[in-house]
Amino acid sequence: MRRVTTLFALVLVAALAVPATAQEKPRHGGELVFPVPSEPPSYDGHREETFGLIHPFAPFYNTLLRVDPNDPSGTKPVPSLAESWTIAKDGLTYTFKLRRGVKFHDGSEMTSKDVKASYDKIISPPAGVGSTRQGQYAVVEAVEAPDPYTVRFRLKWPSGAFLTSLASPWNFIYKADILAKDMHWYEKNIMGTGPFIFVEHVRGSHVVGKKNPTYWDKGKPYLDGFRALFVRDTAAQVSLIRGERAHIQFRGFAPKDRDNLKAALGDKITVQESPWDCILLVAINHEKKPFDDKRVRRALTLALDRYEGSKALSQIAIVKEVAGVVVPGTPFATPPDELAKLAGYWRDITKSREEAKRLLREAGVPDGFSFTFKNRGIPMPYEPLAVWLIDQWRQIGLNVKHEVVESAAYFGQVVRPGNFEAAMDFQCGYIVEPDLDLYKFVSRDKNPANYSRYTDRTLDELYDKQSRAGDPEERKKLVRQFEKRLLDEEAHYLMTLQWHRIIPHSAKVKGWQVTPSHYLNNTLDVVWLAD
Amino acid sequence: MLKYIAKRFLLMIPTLLGVAILTFFLLRIVPGDVVEARFIAAGQGQFVDRALMDMERAKLGLDQPMWKQFVAWMWGLVRLDLGLSMWTGAPITEEIKLRLALSLQLAIMATVVATLLAIPLGVVAALKQDTWIDYAVRVFSIAGLAMPSFWLGILMILGFLIIFKWLPPMVYTPFWVDPWENLAQLIWPALAVGYRYSAVATRMTRSAMLEVLREDYIRTARAKGLWLKLILVRHALKNAMLPVVTVIALEFAFLLGGLVVTEQVFNLNGIGMLFVEAIARRDYTLTQALVLLTASTFIVVNFLMDVMYAWLDPRIRYR
């Protein structure tokens, strides 16, 4: 009897297990529909900056490497058009073996000359050709194509960031012959090696892609196609998901939208959340008194109760994580215990604020001192964060006026010319990499986008050191030192809270993993739709 | 009449010239430019090399003195060339053509909805003055005036979603591609906009009718025992229509440029949405063209209205 029972139990377990496994097996077919809140000026990934390009157009292309689509930290480079790579012992030569038999959508074969031509365009564009991320590749001495399936990058100095930089989602591989004839061709045309073939783009309306039947990664993509709908209004985007006319929006929604969708659709909605490689910063103008005094800047950061702020603001705004200069949950991020040692991150807010008041007194700042905080005219999350900041500063006796400036005029009118005392600034990355995350904070003569307008050679030196450190552990230490000097010792800039990415999507969407960057993971080759 | 038409056409030129000059210089006073909007507002823009931004500005001619830019633009206008969009690089005529059909269709549909509602309601309210019917019509029109059409649109969308689990299509299908899909998409914004629009016209129809019905010639006609329907259609309505036509025509002109929020709510890819995008992106050339288009619409509508006046009331004649 016992044997029969055991057998029955085994059969039952097997019966339950089989459908579960079958359910997770990718299904072929279907059209993925997603709204995109922005539309790009051109199709050239080497030139543009907006996710409005990446979301609907990345599926037409491949890059040399990509960020692992299954890695929630969004930091691990894996092969894409390159099959494998080797790095020379001196760290100065990177050699990539390309896949064979990869075809462009016009049927021609992709070879190393296409990769070289694409990277030459990115790294050293000819006159009149725009390359937005050229500065990221200043380390490259030359790109070589010794044979059709080998690409070699020779560097000027060793770089801890170089490999990750090749996984940039912007670096579409274009066809060399086309570039040789017209460097601007890809601004108005689309032709890559990606999992989907371009069908149409009706401006202001939609982009359609269909499955590439001869895609090099056999069996992929799973979808028959995709349809990206340009929808500016957030309420309309949410309605599309709620009305099941669209499956997913890849940028992110506010907490209330998530809650409404979940309440309306229940199990039909899956929610994926992640820290977001975007953060609002407070630039403090070092050229204005009393903000030239580091005691005043330290007081400003000490006043902020980031932990309580996170609890309250994460319910109404797209912010959540308390973070240093690197996105939490990624390899170079500061662990919470270490973070809590920095000024403004202490767990004891009473102690912090007492210290803040003491510093203000010491610096001769009178109680009730007034200044203006300038903010960019974007409601979410700029407004709630500014209200929170002002309230926090009031609690150490500062009287702060909130002034909102129209978004497009903000950089030209306020932050770049230094027309402010304290102002909101932002950093939003397309890949989590210390070189990119830290560059914002080097001295002003090295980066004019340092709107706190200071010169700090120690920081510059630490930046260069971490950038060249080959050993990740060594690099982590240098990043920590950089962070301590930036946020604690000098308080050059204040970090608010890390943005929080919330993607409530149709439960039918499978195979897609949220990452800390809305620029990543948009190739759609691994995405599939359940019945 | 022909002389009058010719004169009005000629008068359009200085009006449009004035609009063009004002738009050109006012736009350039506004801080920020298209390159700034493109690279800074997007994301990583703060790391973009200044030299690249200068290069992009030079490509668009933004490095030239303002008067040179103005002359170049005017020279294009003289040759009926609106130029290229600074954002997409596409010819502006193409950008506008894509969107105009939709906005025009929506404006016409809203006008039809408004006219179909306003004229019968206004006439009935006037005929039944101070009865419950009159009060009901007045409440209906006041509610229409008080309720923004975008709000009504949001209510419609939410209502459909919650009650019927249905959403109007949100991607535009031209009428000639699929008439049903097209109507399923546009009828709701047309109703939302048309309702508000009808409120203005209903009130105007009612008061115009009341005024006409008190005229001696109507009283005479009734005293003669003329059939009421005939009096209304032949005499009263035709005369009462003058101010109503004015209101409908002017509202139509407003609609073309003013569908901004409704287009956003229903995700309609029309002129209103293009206008917002063009301004937000500091796409000078496109914004200038759209302002000219809107101004031209008003001028043409005014002109047509005058012609219609003359037709409706033979006493009005222009020399």
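The structure presented is a predicted model; accordingly, all values stated were derived computationally and were not measured.

Scoring rules and cut-offs
- Residues numbered from 1 in each chain as written.
- Chains lettered and ligands numbered in written order.
- Predicted model: local features only at pLDDT ≥ 70, side-chain atom pairs only at ≥ 80, totals over all residues.
- Heavy atoms only, no water.
- Helix = DSSP H or I, 4+ residues; strand = E, 2+ residues; numbered from the N terminus.
- Rg over C-alpha atoms; globule rule 2.2 N^0.38 Å.
- Buried < 20%, exposed > 50% of the residue type's maximum accessible area, 1.4 Å probe, protein only.
- Areas by Shrake-Rupley, 256 points an atom, 1.4 Å probe, with all protein chains shown as cover.
- Lys, Arg positive; Asp, Glu negative; His and termini not counted.
- Charge placed at Lys NZ, Arg CZ, Asp CG, Glu CD.
- Contact = heavy atoms within 4.5 Å.
- Salt bridge = Lys/Arg side-chain N within 4 Å of Asp/Glu carboxyl O.
- Polar contact = N/O pair within 3.5 Å; in protein donor to acceptor, adjacent residues only side chain to side chain.
- Nonpolar A, V, L, I, M, F, W, Y, C, P; charged D, E, K, R; others polar.
- Core = buried A, V, L, I, M, F, W, Y, C linked by side-chain atoms within 4.5 Å.
- Patch = residues over 30% accessible without salt bridge, like charges linked within 9 Å, V, L, I, M, F, W, Y side chains within 5 Å.
- Expected span 1.5 Å × (residues − 1).
- Disulfide = S-S within 2.5 Å.
- Axes fitted to C-alpha atoms, helices over the stretch in contact; angles between N-to-C directions.
- Parallel < 35°, antiparallel > 145°, perpendicular 65-115°, else oblique.

A count of helical and extended segments in chain A gives 17 helices and 17 strands. In terms of overall size, chain A behaves like a compact globule, its C-alpha atoms giving a radius of gyration of 25 Å where 531 residues would be expected to give roughly 24 Å. Expressed along its principal axes, the backbone C-alpha trace of chain A runs to roughly 75 × 70 × 50 Å. Buried residues in chain A amount to 61% of all 531 residues. Total accessible area computed for chain A in this model is approximately 20300 Å², and 53% of it derives from carbon and sulfur atoms. For chain A, the distance from the average position of its 73 positive side-chain charges to the average position of its 66 negative side-chain charges is 3 Å.

A separate point is the interface of chain A and chain B. Across the boundary between the two partners, chain A contributes 52 residues, which contact 45 residues of chain B. Residue Glu406 of chain A is joined to Arg282 of chain B by a salt bridge in which the shortest nitrogen-to-oxygen separation is 2.6 Å. Across the chain A-chain B interface, the total number found is 8 residue pairs in polar contact (both at pLDDT 80 or more). Listed by contribution, the elements that provide at least two residues to the side of chain A that touches chain B are strand 10 (225-230), helix 7 (234-242), helix 14 (407-415), strand 14 (422-428) and helix 15 (434-439) of chain A. Examining the composition of the side of chain A that touches chain B, we find that 5 residues originate from one element, helix 14 of chain A, more than from any other. When grouped by side-chain class, the residues that make up the side of chain A that touches chain B number 20 nonpolar, 17 polar and 15 charged.

Moving on, we get to the nonpolar core. Residues and elements named next belong to chain A. Formed by 81 residues in total, the largest nonpolar core has its most connected members in Phe373, Trp393, Leu398, Met424, Phe441 and Leu486. Counting residues per element, this core draws most heavily on strand 11 (residues 269-284), at 8 residues. Ignoring sequence-local partners within four residues, the contact set of Trp393 consists of Val282, Leu300, Ala303, Leu304, Phe371, Phe373, Leu398, Val400 and Leu494. Within the second largest apolar cluster, 70 residues are counted, among which are Tyr119, Val143, Phe153 and Tyr174.

Further remarks concern a nonpolar patch on the surface. Residue and element names in this part refer to chain B. A cluster of nonpolar side chains, Phe150, Trp151, Ile154, Leu155, Leu158, Ile162, Ile163, Phe164, Trp166 and Val261, forms an exposed patch at the surface whose accessible area comes to about 920 Å². A per-element tally of the nonpolar patch places helix 7 (residues 149-164) first, with 8 residues. Following the sequence through the fold, Leu158 ends up in helix 7.

Residues and elements named next belong to chain A. With 12 residues, helix 3 (residues 112-123) extends 16 Å from end C-alpha to end C-alpha; this agrees with the ideal 16 Å at 1.5 Å per step. By the burial criterion, the buried members of helix 3 are Ser112, Asp114, Val115, Ala117, Ser118, Tyr119, Lys121, Ile122 and Ile123. Those residues of helix 3 that are buried lie in contact with strand 5 (93-98), strand 6 (140-147), strand 7 (150-155) and helix 5 (176-181).

Let us look at the state of the cysteines. All names here are of chain A. All chains considered together, the criterion is met by 1 disulfide over all chains. Each sulfur in the disulfide pair Cys278 and Cys428 lies 1.8 Å from the other. Highlighted residues: Cys278 in strand 11 and Cys428 in strand 14, separated in sequence by 150 residues. Of the two residues examined, Cys278 and Cys428, each falls in the buried class.

Bringing the packing of helix 5 (residues 92-127) of chain B against helix 12 (residues 271-280) of chain B into the picture now. How two helices pack is summed up by the angle between their axes together with the distance between the axes. Residue and element names in this part refer to chain B. Axis separation between helix 5 and helix 12 bottoms out at 8 Å; the angle between their running directions is 140°. It follows from the interaxial angle that helix 5 and helix 12 lie oblique. Within the contact between the two elements, helix 5 uses Glu95, Ile96, Arg99, Leu100 and Ser103 and helix 12 uses Ile271, Gly272, Leu274 and Glu277. Considered class by class, the residues forming the contact of helix 5 with helix 12 number 4 nonpolar, 2 polar and 3 charged.

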